[in-house]
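Here's the letter readout for the chains.
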Number of protein chains: 2
Amino acid sequence: MKTNPKNKIIIVDDHLLFSQSLELLIKSFGDYEVIERFENGKVFIDYLEENSSAEIDLILLDVNMPVLDGLSTMKWLKDNRPDLKVIALSVNDDDEIIIKMITNGAKGYLLKDTSPEIFREAIECVMEKGFYFTELVSGMLINKVNSDNKKISLKEKEIVFIKHACTEMTYKEIASEMCLSPKTIDGYREILFDKLEIKTRIGLVLYAIKHKIVLV
Amino acid sequence: MKTNPKNKIIIVDDHLLFSQSLELLIKSFGDYEVIERFENGKVFIDYLEENSSAEIDLILLDVNMPVLDGLSTMKWLKDNRPDLKVIALSVNDDDEIIIKMITNGAKGYLLKDTSPEIFREAIECVMEKGFYFTELVSGMLINKVNSDNKKISLKEKEIVFIKHACTEMTYKEIASEMCLSPKTIDGYREILFDKLEIKTRIGLVLYAIKHKIVLV
DNA sequence: CGAAAAAAGGGTATATTTCCCCTTGTCCAA
DNA sequence: TTGGACAAGGGGAAATATACCCTTTTTTCG
C-alpha cells in the first residue's frame, strides 16, 4: 500500500546550511522527498548497515567531508551497495577525484555552482537513464583514457618517507626517524625521483603537496 | 506605505545550488526575504552602483568566489557602503582570511557547516545587536592581537626569489634567471632563512606554500 | 620449487646547499 | 660628514643531496 509515490533521496554533506537548504530546493521540485540527511560518510554507512532494506532512489554525496570523505564512502558503496545510485557533488573540478568517483560507481558528478535547473535535470536523468554527465566530466573521461596508462602507485613506506621529506629533516635524520639505514632512504629517494620524474627534493615536496600526500 | 515588513537580504555566492537553496531556507524562517542573489562580487557591486537607494538589511557574502572574491568585495563595501551589514560565509576557517574579513567590516563570519539554527541566530543577532561572532572567531581575534606583533615583510625581490626557489632550479640557475650573481642569491637565501626562522630550502618551500606566495 | 621482483644496504664521486666572515658602493638621516 | 642601513657581490669550508653502480636478503608467485 504505497501512499507516497515520491522518489526518496538521501543527502550526505557536512555543510549543514547547504544540506538543509538543498532539501528545501529538492522538495520544491515536487516529485522528490529527502528522507535522510547525514553529515559525513561514516554516519551514512552506519545508517545503511542498520537499515539495509530502506528504500532509497538516489544519493547526493558530497566529495569533501570530514571523518569519512566522499571517495571513501563511494568505495564502500561500490563494494557493499552497488545497487544504490549516487550523484557526487563537489566544489572542485580536480580531474583525479572526478575520475575516481566515477570509476567507483558514481552515476553523475555535479559542481555546486550548477544551476538548480541543471541540477533537477541531472536528478531526473539519473532516475530515468541511470547516469548524467556534463561536458566537463565527459571531456575529462576522454582525456584520461588517452593519457592515464601509467598510473603511479606509491608504497606505504614511500609515502611515509615523502612525508618526512616535506620537513626540514636531513635524509640522515629521516633514516633514524624511520629506523632505516641512510642508504635505504637513499634508495627510496632514487626510486621516487625516477617514478615521479623529478630531480630534486624540492620537486618531491611540490609533488607531495599537489597530490595531498602532505597537507599545508 | 510599507506593506512588507520583512527584512531584506541579499545573497552573494557562486554556488548556485547553495545560493538558491539558502534562499528557501531563509524564506522558511518567516521574517526574512531574499531580494536578490548574485554569483560574484562584481555583479553585486554593479547592482549596488545602479541601485544605491535600494533598501538592504543584510548581505550574506561568500568568501571564495571567482571574478571578484569575498575579501575584495568586502574592501569595496568598506570604502563605499560601510552602512551595509555583512555576514561572511565560507567553508574554510583559515585564520588570515577571517581576520581580514572582519577588519574590513564584516559583522559576522559563519562556516557553511553551521547548523540552520545557529545560522538563524546569527542573522537575528546581527540585525539586533549589529554583530555575531562564534567562539572560533572570537578566539582567533584574541590569538591574533597577542601574536601578531612581529609581522614579516618581504621585499619584492625576495618574493621573486622564493617563487624560483619553489621549483627544481638550483640556486645557480635561479641566479641567471634573475640576472644576479649566485652570491647575491646566496645572500637572499640567508636573509630569508633568518627572517622566517627556517634552516633549509624545504622550509622555504613550505613557508611559501602555506602563505600562498606560490600556488599549488 | 625456483625465478623474478622488491626491499635493504654499500661504495664512491660529484653537485648543491648551508654557513661564516668579508668588501664595495649608495643612499639617507642625524 | 659621519655613521648606519642596505643591496650586491665574494672566498672558502663543511654539510647535505644527488647520481651511478653495485651486493645481499626477503617476498612473491607461476
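Residues numbered from 1 in each chain as written. Chains lettered and ligands numbered in written order. Predicted model: local features only at pLDDT ≥ 70, side-chain atom pairs only at ≥ 80, totals over all residues. Heavy atoms only, no water.

### Description of the side chain of A:D14
In step 1: As for its position among the elements, A:D14 is in the loop between strand 1 (7-12) and helix 1 (16-29).
In step 2: Here A:D14 occupies a buried position and makes no salt bridge, while the nearest side chain of opposite charge, A:K112, is found at 5.7 Å. (Helix = DSSP H or I, 4+ residues; strand = E, 2+ residues; numbered from the N terminus. Buried < 20%, exposed > 50% of the residue type's maximum accessible area, 1.4 Å probe, protein only. Lys, Arg positive; Asp, Glu negative; His and termini not counted. Salt bridge = Lys/Arg side-chain N within 4 Å of Asp/Glu carboxyl O.)

### Focus on the relation of the copies chain A and chain B
In step 1: When chain A is fitted to chain B, the residual RMSD is 1.6 Å, and the transformation amounts to a turn of 179° plus an axial shift of 0.2 Å. On this basis, the relationship between the two copies can be described by a two-fold rotation axis. Considering only C-alpha atoms, the part of chain A nearest the rotation axis is A:S21, at 2.4 Å.
In step 2: The residues that chain A uses at the interface reappear at the interface of chain B in 100% of cases, marking a shared surface. (Least-squares fit on C-alpha atoms with pLDDT ≥ 70 in both. Contact = heavy atoms within 4.5 Å.)

### A few points about the UniProt feature "modified residue: 4-aspartylphosphate" (unreviewed entry) in chain A
Residues and elements named next belong to chain A.
In step 1: Following the UniProt record, one finds the feature "modified residue: 4-aspartylphosphate" (unreviewed entry) at D62.
In step 2: By secondary structure assignment, the location of D62 is in strand 3 (residues 58-62).
In step 3: The buried category is assigned to D62, whose relative accessible area is 2%.
In step 4: When neighbours within four sequence positions are excluded, D62 is seen to be in contact with V12, D13, D14, G70, L89, S90 and K112. (UniProt positions renumbered as here; feature names shortened; annotations may be inferred.)

### Notes on the protein's contact with DNA strand D
In step 1: Contacts to DNA strand D come from 18 residues, most closely from A:Y171, A:R201, B:K155, B:T184 and B:Y188.
In step 2: Each atom of DNA strand D within 4 Å of the protein was classed as base or backbone; sugar and phosphate made up 62%.
In step 3: Note that a phosphate oxygen of DNA strand D is positioned 3.0 Å from one of the side-chain N or O atoms of B:K157.
In step 4: With five residues, helix 9 (residues 182-195) of chain A is the largest single contributor of residues to the surface near DNA strand D.
In step 5: Split by residue class, the surface near DNA strand D holds four nonpolar, four polar and 10 charged. (Near = heavy atom within 4 Å. Polar contact = N/O pair within 3.5 Å; in protein donor to acceptor, adjacent residues only side chain to side chain. Nonpolar A, V, L, I, M, F, W, Y, C, P; charged D, E, K, R; others polar.)

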